Amino acid sequence: MKLSTFIGALWPQPLHVNARERFRAALGAAIGIALTAGLCLWFVGSDATSPWLVAPIGASAVLIFAVPSSPLAQPWAVIGGNTLSALIGALCAMLIPDPAWAGAVAVGVAIGVMFALRCLHPPGGAAALLAAMSGVDLHFVLFPVLGNCVLIVAAGMLYNAMTGRRYPHVAAAPKSATGPEQNTRFTTADLNAALEHYNQVVDVNRDELETLLRHAEAAAFQRNFGDLRCADIMARDVQTANFGTPLDQAWSVMQKRRIKALPVVDRVGRIVGIVTVADFMRHAGMDKPRGIHGRLRRLVTPSGRVHSEKPEVIGQIMTTHVSKLTVDRHLTELVPLFADGGHHHIPIVDHDDKLTGIITQTDLVKALYGATHR
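Since this is a predicted model, take the numbers as computed values, not measurements.

Caption draft 1: Representation of helix α11 (residues 247-257) within the structure. The complete set of buried residues in α11 reads L247, A250, W251 and M254. Viewed along the axis of α11, the buried residues span an arc of 95°, placing them on a single side of the element. Against the buried residues of α11 lie β1 (261-265), β2 (271-276), α12 (277-283) and α13 (292-300).

Have a look at this one:
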């Protein structure tokens, strides 16, 4: 390896954090340490010569206030990691006369215990070493270590909540294996497999990592598609129906124009529903294939009665929950609707919710092909 390459590898990558977030983290850490120190000093009172604040809490403050979503910064990691490590350090000091060996064993055992109890916390190594090298007794574990940890965590909860950061960072509920993902490029199972293959501690919460990856994927779509929006690819000559359009008339239009969906609009052109070939088939009893053509013919044939038990107009069979987008939305927002939502036609509306066009899967595929072969 060249010297320049080696030196470059040692140089840290830039942090993509703006000045406001940096100030928020620094101010929070200062406030958290001030509150912890003040309350602990008040607790010891006149006996201020005894330990009342431990140095590892400063490192814990960095995690709690600067990276509150990190698994290493969560309350159990802070409290359990520091306290158990200090306990291990104190025990090693009692059992191992040589301070150097006591410190080494304490840090190693502390890491193993933190892994086992899911409270891995880097300052815990410092707490173990401090306790082992200082030769403290077990009271030191309860105060100041445990007391400091509880107070700094409480301060972190309050400050992060006040400044718009989740803490503690509760993991999202696992998605159903059969439920739709936000897109089809990778699934939750894929991410789990990748993390198992990586086989190292990742200093970011798992659901935050998934969110970051999905944002990166959306940015990649945006880069590839450029500034294409729904208005650029939608079909503007849209055949529509209204609530009272007879079924036979709507079915005839769909067959003649070879379209599979009719948006249903009100008097001013606002979309109120959509009817598809699947809606006709469902009401004709598509779950029983035998005789489906006869049942479909009877469905679309007017009964000629004032009161009929079968549907007579579009409004009786249409789907009222319609996925739609406005004309200025990027094409990237269409992908999950088609890929995961099971849609084949997406109505496009203006900002008054009036229908202005429609986009099919074919339209999207053509746009994607054009964008990636420019």
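Caption draft 2: Focus on the side chain of Q74. Examined against the element boundaries, Q74 turns out to sit in the loop between α3 (56-66) and α4 (75-95). When neighbours within four sequence positions are excluded, Q74 is seen to be in contact with P68, S69, Y167, P168 and H169.

Caption draft 3: Looking closely at the packing of aromatic side chains. Applying the stated criterion across every chain yields a total of three aromatic pairs. Ring geometry for F43 versus F143: centroids 5.0 Å apart, planes at 50°, classification tilted. Taken together, the positions of F43 in helix α2 (residues 19-44) and F143 in helix α7 (residues 139-162) put the pair 100 residues apart, joining distant regions of the chain. A centroid spacing of 5.8 Å and a plane angle of 65° characterise the contact between F65 and Y159, whose relative ring orientation is edge-to-face.

Caption draft 4: Structural context of the packing of α3 against α7. Here α3 crosses α7 at 25°, and the two axes come no closer than 10 Å. Taken together, the axis directions place α3 and α7 in an arrangement best described as roughly parallel. α3 and α7 meet at a crossing whose hand is right-handed. Between α3 and α7, the residues in contact are I57, A61, I64 and F65 and N148, C149, I152, V153, A155, G156, Y159 and N160, respectively.

Caption draft 5: Layout of the state of the cysteines. The tally for this structure, following the rule as stated, stands at zero disulfides. Note on C40: no disulfide assigned, nearest cysteine sulfur contributed by C149 at a separation of 9.8 Å. Left unpaired, C119 is separated from the closest cysteine sulfur, that of C149, by 11 Å. With relative accessibility at 0%, the residue C119 sits in the buried group.

Caption draft 6: Up close: the pairing of β2. Counting buried residues along β2, five of its six residues qualify, which places the element largely inside the surrounding structure. As paired strands, β1 and β2 are joined by five bridges and run antiparallel to one another. Bridge assignment links V264 to a residue of β2, and that residue is G273. From the end of β1 to the start of β2, which pair antiparallel, there are five residues, and G269 there has a positive phi angle of about 90°.

Caption draft 7: Expanded view of the nonpolar core. Membership of the largest hydrophobic core comes to 21 residues, with the highest contact counts inside it found for I64, F65, V78, V145, I152 and V153. Secondary-structure elements contributing two or more residues to this core are α3, α4, α6 (122-134) and α7. With eight residues, the single largest contributor to this core is α7. Setting aside its immediate chain neighbours within four residues, V78 contacts S60, I64, A73, H121, C149, I152, V153 and Y167. One finds A241, A250, W251 and L262 within the second-largest nonpolar core, a separate group that totals 17 residues.

Caption draft 8: Main features of the pattern of salt bridges. As enumerated under the stated definition, the model contains eight salt bridges in all. D237 is the partner of R257 in a salt bridge, and the nearest nitrogen-oxygen pair spans 3.6 Å. With a gap of 20 residues between them, R257 in helix α11 and D237 in the loop between α10 (230-233) and α11 connect regions that are remote in the sequence. Residue class for R257 comes out partly exposed when judged on its relative accessible area of 39%. Exposure remark for D237: the relative accessible area of 60% places this residue in the exposed category.

Caption draft 9: Representation of the packing of α2 against α7 within the structure. Where α2 contacts α7, the axes come no closer than 9 Å and their chain directions differ by 140°. Considering the angle they form, α2 stands oblique to α7. Once α2 is placed against α7, the crossing between them reads as right-handed. Together, R24, L27, G28, I31, G32, I33, L35, T36, L39, C40, F43 and V44 of α2 and F143, N148, L151, I152, A155, Y159 and N160 of α7 make up the contact between the two elements. Here the contact of α2 with α7 is built from residues that sort into 13 nonpolar, five polar and one charged.

Caption draft 10: Here's a closer look at the environment of W251. With respect to the secondary-structure elements, W251 resides in helix α11. The spacing of W251 and L35 is 216 residues in sequence and 72 Å in space, taken between C-alpha atoms. In this structure, W251 is in contact with V277, F280, L296 and V300, ignoring residues within four places of it in sequence.

Caption draft 11: Representation of unusual backbone geometry in the model. At the junction of F143 and P144, the peptide bond is cis and its omega measures out at 20° in the coordinates. Inspection of the secondary structure puts P144 in helix α7. The linkage connecting Y167 with the following residue, P168, adopts the cis geometry, with an omega of 0°. Within the fold, P168 resides in the loop between α7 and α8 (188-198). Backbone geometry at R258 places phi at a positive 55°, although glycine is not the residue there. Mapped onto the elements of the fold, R258 is located in the loop between α11 and β1. Positive phi values are uncommon outside glycine, yet D353 reaches one of about 70°.

Reading the values: the criteria
- Here, residues in each chain are numbered from 1, in the same order as that chain's written sequence.
- The model is predicted, so local features are restricted to residues of pLDDT at least 70 and side-chain atom pairs to those at 80 or more, both for listing and for counting; the totals for chains, interfaces and linings are taken over all residues.
- Values reported for side chains reflect all heavy atoms of the structure, with hydrogen atoms and water molecules removed beforehand.
- Using a 1.4 Å probe on the protein chains alone, a residue whose accessible area is under 20% of its type maximum counts as buried, one over 50% counts as exposed, and one in between counts as partly exposed.
- Secondary structure counts use DSSP, requiring at least four H or I residues in a row for a helix and at least two E residues in a row for a strand, with both numbered from the N terminus.
- Directions drawn from the helix axis to the C-beta atoms are what define this arc.
- Contacts between residues were defined by any pair of non-hydrogen atoms, one from each residue, lying within 4.5 Å.
- Pairing of aromatic side chains requires ring centres within 6.5 Å, counting the rings of Phe and Tyr and the six-membered ring of Trp. Pairs whose planes differ by under 30 degrees are stacked, by over 60 edge-to-face, and all others tilted.
- Axis definition: a line fitted to C-alpha atoms, limited for helices to the stretch in contact. Angles are taken between N-to-C directions and run from 0 to 180 degrees.
- Orientation labels follow simple angle bins: below 35 degrees gives roughly parallel, above 145 gives roughly antiparallel, 65 to 115 gives roughly perpendicular, and whatever is left gives oblique.
- Left-handed describes a crossing whose near helix is turned anticlockwise from the far helix by less than a right angle; the clockwise case is right-handed.
- Here, two cysteine sulfur atoms that lie within 2.5 Å of each other are counted as a disulfide.
- Here a strand pair is declared whenever DSSP counts at least two bridges between the two strands.
- We define a nonpolar core as any set of buried Ala, Val, Leu, Ile, Met, Phe, Trp, Tyr and Cys residues linked to one another through side-chain atoms lying within 4.5 Å.
- Salt bridges, as used here, are contacts in which a Lys or Arg side-chain nitrogen is within 4 Å of a carboxyl oxygen on Asp or Glu.
- Any residue that is not Ala, Val, Leu, Ile, Met, Phe, Trp, Tyr, Cys, Pro, Asp, Glu, Lys or Arg is counted as polar, Gly included; the first ten are nonpolar and the last four charged.

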